[in-house]
Structures are given as C-alpha cells and as structure tokens.
Amino acid sequence: MIYFDNSATTQSAPDVVATYDKVSHQIWGNPSSLHQFGEQAFNLLEQSRKQIADLLGASQSEILFTSGGTEGDNWVVKGTAIEKRAFGNHLVTTAVEHPAIHNSMEQLKQLGYEVTYLPVDEHGRISIDDLKAAIRPTTILVSVMAVNNEIGTIQPLTEVADVLKDYPKIHFHIDAVQGIGKGIQDMIMNDRVDYVTFSGHKFHAPRGIGFIYARRGRKIAPLLTGGEQERNLRSGTENLPAIAAMAKALRLLLDNEPAKVDMQRQIKERIYNHVKDFPLVTTFSEDNDGFAPHILCFAIRGVRGETIVHAFEEHQIYISTTSACSSKKHLASSTLTAMRIPEDVSTSAIRISLDEHNTLAEADEFNTVFDQLYKQFEKLSSTTADEPAKA
Ligand SMILES: Cc1ncc(COP(=O)(O)O)c(C=O)c1O
C-alpha cells in the first residue's frame, strides 16, 4: 500500500513506540511525587523537554507540553486574549488557518474581541501590506500558520517577523503543525516569534501529545488550571510516555533533514509534472520554494474529491480530500474558498501529503494508477458537468 496522507496523521515509528512502551512499563511514577519513582519520572520529563529545546535552539523552560496542535492553538489564542485583555481586544490572523485557530477566534468574537482575517492571493499567501494595514493600537496577537495544511503554502514568516519588530508588545504566534521537519525551521524559530504550536502525531509520535514554544518573558493565561504542572501554566498529570516518545520522534525527524526534504520535493515534483497537463486537472500547490515539499493539492474538475479518494483506495493508495477535518463533512476546502476558487472546482480537490519514508517508486506507481483512473474520471466529468469550470 502507498500512504500519501501524512498531513492527516503519520504512523508512529517503531523506535518511538518502543520508547513509549519502555517508559509506560518502567518509569510510571508521577513526576510530582516526592519519592524515587516520582523523581525518576521528573528527571525524564525534564530530559525530554531539554532534548526538544536543544533541537529547536530554545531554552528548556520555553517548551510547554500540550495534548496536541488543537490545544496549543487554542491556548495561545485564548491565553493571549485573557492575559492581555487590559491592553487591547484585537487579534489578527489569516483567512486560511486550521479550524483550531479559526474557531478559537470566532469564540473570542462572541466575547467581544475583534478579529481581522488577512485575505490571501491565488497561492493562498497573505500580503505584508495587508498585515501592516491591519495592525491597530489595540492589537494583542498576530497568528500566522507556517505551512497551510490543505495546499502547502509557506507564509512569509520572516517578513511578518520584520513588521512585528516595530510592535514589540504584540504576541506573534506561528502554527507550525505542518511545518516542522520540512526545511523551514529558521523561518519558524525566528528571532521575533513568541509562541509556536507543534503536534506530535504529525511527525511519527503518538496521538494526543504536542508542545508549544513560549518565549521567555512572554505571558499567556493558563486554560487548564488545577495541580499547577508545567510551572502552573498547564495543569494535568503529564503524559510522560508520550512526551518521551515525542522527544525521540523529533530527534529522528530532524536527523538528516535536508536529504529527507529533498526526497519529498523530488516525489512531489514527479507527481506534479505528471498530472499538471491533463486537461481536467487544476493544480493549487506549486512546485517551488514558496510551497512545502510534502503537500500537493490539485482538482480533477467534474469529479468529487471523495470519488477520487475512493478510486485510489481501490488500488491501495491512500490520499485525502483537502483536509481530514473537512473531508467527512463534505465541506469545500476553506483554503480554496479563501483563494476564491469556485465551489464546483474546490469540491473536486484532493491532497497528497508525503513524509520522509515515501519513495520515488511510489510516485511512479501513483502516476501509473492515475493514468488508468483518468479515463474513468473523464467519463464521470462529462456526465456531471456540461462544461468544466476554470479556476
Ligand atoms: C495546521 C494545523 N494546525 C493544527 C492542527 C491540529 O493538530 P492536532 O491534530 O494535533 O490537534 C492541524 C491538524 O491537522 C493542522 O494541520
């Protein structure tokens, strides 16, 4: 089988599962306990934190564990809103964020906060002029994703950071859930960023674990209050097996990163170059440095995304409609909608998302199957659409 749905989730790596297993069996104390089992667990917790911090060029105290990307995003957005309420009520984000950001913003709007959604161009990218125009004296947060989960656009994070250097009080948050291990760490961990969200299951760690980078000196309110874990910022007994496993997964991910990124680019390029000239195909992800190496999104006009996904599944090739969140709800992709792609085209979109274990042979196999299926897609397209829409 060929698994091309790594932006939805990744398979836990065997070494990572081994770490999870070992910690569950051997280091099962509560890090807050005073006895030796507690101390042993505490030491492993801090060792994992340090390992993650070192890999990202951060300090140990700047890494805070969460249950994943959704919690990290919710925490930074709402935690900033609560913490900085006295200074302002305006937040800026983009029109193409993951629902974890978008819906947090919408919830804040109901509480009286004001939100500006920056529009995007035909590549799903924000403009720096729009950002500059959006900032107000009351702005408390700018939140921009690193890599779009639906089409792979890389946002101009360095330029956003440059703008925000003139506004030192505004929190700058990056949702890097799709960006880690994809060759853009320097852009993500830039010298102006205050908060960054990461999610373990997107890089071969278990589900339900993640972390945020929180710059020293910055403050957000806790959302989970209780036993005062994570320096009283995020209460709840730590998920130590998953934390240790995630530290291992991050080390494995970042080991030899350039070669892995280069291979994913080659695989993406091979498929992109094959499919792009078919008459019914509209590509959304481009094959250049402005897009992540691992995400390729395109539509086969006149055929629904779900139909395409299931057709490939018959050949044991696993892809998705544009995102795992929208696919079961049969919703048009929010990113493509923000790019003003007509609905009859955006509902025909599919996403291929790679990881460091995919191969060029798999790309060739995909292309062969694509050629076979395309004939069926042509027939389907001519019965469902009088005239294929143009993007
Ligand atoms: C960009 C982005 N942010 C946040 C999330 C949510 O992460 P999690 O599944 O760990 O809650 C996802 C998941 O797909 C994502 O792609």
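First, a word on scope: everything that follows refers to the structure included in this document. Fair warning: this is a prediction, and the values are worked out from it, not measured in the lab.

### Notes on the site of the ligand
Part 1: Among the 13 residues in the neighbourhood of the ligand, the closest are listed as Gly69, Thr70, Asp175, Ser199 and Lys202.
Part 2: The separation between an oxygen atom of the ligand and a polar side-chain atom of histidine 201 is 2.9 Å.
Part 3: Computed on the free molecule, the ligand has an accessible area of 390 Å², of which 87% lies beneath the protein chains in the complex.
Part 4: Per-element tally for the shell around the ligand: the top contributor is helix α3 (residues 69-83), with three residues.
Part 5: The residue inventory of the shell around the ligand, partitioned by class, reads two nonpolar, eight polar and three charged.

### Examining the sheet that holds strand β7 (residues 195-199)
Part 1: Spatially, β2-β8-β7-β6-β5-β3-β4 is the arrangement adopted by the seven strands of the open sheet, whose pairing is mixed. Either end of the sheet is taken by a strand with one partner, and the two such strands are β2 (63-66) and β4 (114-118). Averaged over all pairs of adjacent strands, the angle between their axes in this sheet comes to 20°, without regard to strand direction.
Part 2: Pairing between strand β5 (residues 139-145) and strand β6 (residues 171-175): five bridges, direction parallel. In the sheet register, serine 143 faces β6, and the bridge partner there is histidine 173.

### Some thoughts on the packing of α3 against helix α4 (residues 99-110)
Helix packing geometry: the angle between the two helix axes and the distance between the axes.
Part 1: Put simply, α3 and α4 touch, their axes get as near as 9 Å, and they point 30° apart. The angle between α3 and α4 falls in the class roughly parallel. Where α3 crosses over α4, the two elements pack in a sense that is right-handed. Two secondary-structure elements touch here, α3 through Thr70, Asp73, Asn74, Val77, Lys78 and Ala81 and α4 through Ala100, Ile101, Ser104, Met105, Gln107 and Leu108.

### Considerations on the packing of aromatic side chains
Part 1: In total, this model carries nine aromatic pairs according to the counting rule given.
Part 2: Each ring, one from phenylalanine 312 and one from phenylalanine 366, has its centre 4.7 Å from the other, and the planes form 0°; the classification is stacked. On the criterion of sequence distance, the pair formed by phenylalanine 312 in helix α11 (residues 305-313) and phenylalanine 366 in helix α15 (residues 360-384) is long-range, its members being 54 residues apart.
Part 3: Judged by relative accessible area, phenylalanine 366 falls into the buried class, the value being 0%.
Part 4: A network of ring pairs unites the aromatic residues Phe4, Phe278, Phe298, Phe312, Phe366, Phe370 and Tyr374 as a single cluster.
Part 5: If you follow lysine 84 out to its NZ or CZ, it ends over the ring of phenylalanine 87, 5.8 Å from the centre.
Part 6: A cation over a ring is seen here: arginine 85 above tyrosine 113, with NZ or CZ 4.7 Å from the ring centre.

Calculation rules
- Residues numbered from 1 in each chain as written.
- Predicted model: local features only at pLDDT ≥ 70, side-chain atom pairs only at ≥ 80, totals over all residues.
- Heavy atoms only, no water.
- Near = heavy atom within 4 Å.
- Polar contact = N/O pair within 3.5 Å; in protein donor to acceptor, adjacent residues only side chain to side chain.
- Areas by Shrake-Rupley, 256 points an atom, 1.4 Å probe, with all protein chains shown as cover.
- Helix = DSSP H or I, 4+ residues; strand = E, 2+ residues; numbered from the N terminus.
- Nonpolar A, V, L, I, M, F, W, Y, C, P; charged D, E, K, R; others polar.
- Pairing = 2+ DSSP bridges.
- Axes fitted to C-alpha atoms, helices over the stretch in contact; angles between N-to-C directions.
- Parallel < 35°, antiparallel > 145°, perpendicular 65-115°, else oblique.
- Left-handed = near helix turned anticlockwise from the far one by under 90°.
- Contact = heavy atoms within 4.5 Å.
- Phe/Tyr/Trp six-rings, centres within 6.5 Å; stacked < 30°, edge-to-face > 60°.
- Buried < 20%, exposed > 50% of the residue type's maximum accessible area, 1.4 Å probe, protein only.
- Lys NZ or Arg CZ within 6 Å of the ring centre and 35° of its normal.

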